[in-house]
Amino acid sequence: MGFNCGLIGLPNVGKSTIFNALSAAGARVESYPFCTIEANMGTIPVPDSRLDRLAVLFPEKRKIPTYLEFIDIAGLVEGASHGAGMGNQFLSEIRTVDAILHVVRCFVDPNVAHVTDKLDPLRDIDVVNTELLLKDYETLSRVEERLAREAKGKGRHAAARLSAWQHLRGQVAEGMPLRDISIAPEIEDSLREISPLSAKPLLYVANVGEKGENEYSKPVTLIAKEHNTKAITIRGLIEAEIAEIADTAEEKAAYLQEWGLNKTGLDELIKSGYQLLDLITFFTFEGPEVRAWTVPQGTTAPKAGAKIHSDFEKRFILAEVMSLQQLISMGSEKALREKGQVQRAGHDYVVQDGDVIRFIST
Ligand SMILES: Nc1nc2c(ncn2[C@@H]2O[C@H](COP(=O)(O)OP(=O)(O)OP(=O)(O)O)[C@@H](O)[C@H]2O)c(=O)[nH]1
Ligand SMILES: [Mg+2]
């Protein structure tokens, strides 16, 4: 599995349109708000030219990419944290995702209703972020009541935990998202348990309509920087249409070129998403498959092995690590071995982006 991204935002900003562009899954799109009620889900293969090049060396093997999962969630409105609109459903769906893609309407189209009177991306961003924070505040307050009961007469540790928690709630009350707050070690576990919404990595997606970057999307890029993240721009409608009509990668490239684009929003999203989540890709060519895998940066070889087979971690002996570049330029694993270019890596080896690995286990 790659990673799991939830598309969120106000109603009618183009979330389902962008979902379609990304997954070509044909989710229902309408010009009225709240058209999405049940979340749509799509799994898409991550295009990676390194895997394509590696696969050339193993023509008899099946090529299996790593995957990215998108969830198109119902629109959120002011008051969602108290159940307005699709509030509660929306918020519970967000809890399950690894990262948030916050879609912001930056296209002008009088035929598409806006939930408020006029286009104002920064206000829209604020509405959504505030609802996430309010929900977190409510959850933190509930847990605090429990911690306060536990702290009664239970010594220093419980009291310290309560006070760290109170401090944290105070910061959230001031409007700070949890992802920007450094968390005291004694409350890390309790916080992880509640999977707070404002702690999830966030990427802004400016839906810019036909003409690309515009006066509405520029402030989104600036605010993204202020929030220590990035904004990418997607021409939602165009990319969705291209995804629908193009049957092959070549056709898609030709359509994109017609619009003066050299890559899709998806390419950009994957790149930014991997950076945002600190993810890397490694490759294997064991058995009948040549395959890409996604793991977080800093994963050790036995843990990476566990992606492939859960008991690989326990049975791990060593990892034989090859550089993809060298493997391709020398043409075979054998040639690499003869030159002594296969690295034998132990339990502590930290897998690097682009490693080609053969796991040796008991
Ligand atoms: N002109 C223009 N219209 C767009 C663009 N992207 C989306 N739309 C239109 O905006 C309307 C809403 O799009 P959806 O994708 O259904 O929006 P949503 O955010 O999923 O809406 P809800 O599910 O109701 O929250 C549709 O009529 C789309 O065709 C765009 O880039 N340009
Ligand atoms: Mg929708």
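Since the model is a prediction, treat every value here as computed from it, not as a measurement.

(A) Broad picture of the packing of helix α4 (residues 121-151) against helix α5 (residues 155-173). Two elements in contact, α4 and α5, have axes separated by 9 Å at closest approach and are oriented at 160°. Classified by the angle their axes make, α4 and α5 are roughly antiparallel. The handedness of the crossing between α4 and α5 comes out as left-handed. Mapping the contact onto sequence places Leu133, Tyr137, Leu140, Ser141, Val143, Glu144, Leu147, Ala148, Glu150 and Ala151 in α4 and Ala158, Ala159, Arg161, Leu162, Trp165, Gln166, Leu168, Arg169, Val172 and Ala173 in α5. Taken together, the residues of the contact of α4 with α5 sort by class into 14 nonpolar, 2 polar and 4 charged.

(B) Geometry of the domain arrangement of the protein chain. Domain annotation for the protein chain reports domain 1 (4-131 + 199-276) and domain 2 (298-361). Here the C-alpha centre of domain 2 lies 34 Å away from the C-alpha centre of domain 1. In this assembly, 4 residues from domain 1 lie in contact with 8 residues from domain 2. When domain 1 packs against domain 2, close to 580 Å² is buried across both sides, 70% of that on carbon and sulfur atoms. The interface formed by domain 1 and domain 2 includes 1 salt bridge. Salt-bridge contacts for Arg50 lead to Asp353; the nearest nitrogen and oxygen are separated by 3.3 Å. Here domain 1 is connected to domain 2 by 1 residue pair in polar contact (both at pLDDT 80 or more). Among the residues making up the side of domain 1 that touches domain 2, the classes are represented as 2 nonpolar, no polar and 2 charged.

(C) Quick peek at helix α2 (residues 49-56). Within α2 the residues assigned to the buried category are Arg50, Leu51, Leu54 and Ala55. All buried residues of α2 fall inside an arc of 135° around its axis, so they share one side. Summarising the contacts, the buried residues of α2 are in contact with β3 (62-64), β8 (279-284), β9 (289-296), α13 (324-330) and β12 (355-361).

(D) How the structure looks around the sheet that holds strand β1 (residues 4-8). Overall, mixed pairing links the 6 strands, which are arranged β2-β4-β1-β5-β6-β7 in an open sheet. Since the sheet does not close on itself, it has two edges, and those belong to β2 (40-45) and β7 (231-234), each with one partner. In this sheet, adjacent strand axes meet at a mean angle of 25° when their direction is disregarded. Strand direction decides the pairing type here: strand β5 (residues 99-105) and strand β6 (residues 202-207), joined by 6 bridges, are parallel. Bridge pairing in β6 places Val103 opposite Val205. Across the sheet, helix α10 (residues 265-277) lies against β2, β4 (67-72), β5, β6 and β7, angled at about 160° from β6, the strand it touches most.

Cut-offs and rules
Residues numbered from 1 in each chain as written. Chains lettered and ligands numbered in written order. Predicted model: local features only at pLDDT ≥ 70, side-chain atom pairs only at ≥ 80, totals over all residues. Heavy atoms only, no water. Axes fitted to C-alpha atoms, helices over the stretch in contact; angles between N-to-C directions. Helix = DSSP H or I, 4+ residues; strand = E, 2+ residues; numbered from the N terminus. Parallel < 35°, antiparallel > 145°, perpendicular 65-115°, else oblique. Left-handed = near helix turned anticlockwise from the far one by under 90°. Contact = heavy atoms within 4.5 Å. Nonpolar A, V, L, I, M, F, W, Y, C, P; charged D, E, K, R; others polar. Domains from an automatic or database assignment. Buried area = accessible area lost by both parts, 1.4 Å probe. Salt bridge = Lys/Arg side-chain N within 4 Å of Asp/Glu carboxyl O. Polar contact = N/O pair within 3.5 Å; in protein donor to acceptor, adjacent residues only side chain to side chain. Buried < 20%, exposed > 50% of the residue type's maximum accessible area, 1.4 Å probe, protein only. Arc of directions from axis to C-beta. Pairing = 2+ DSSP bridges.

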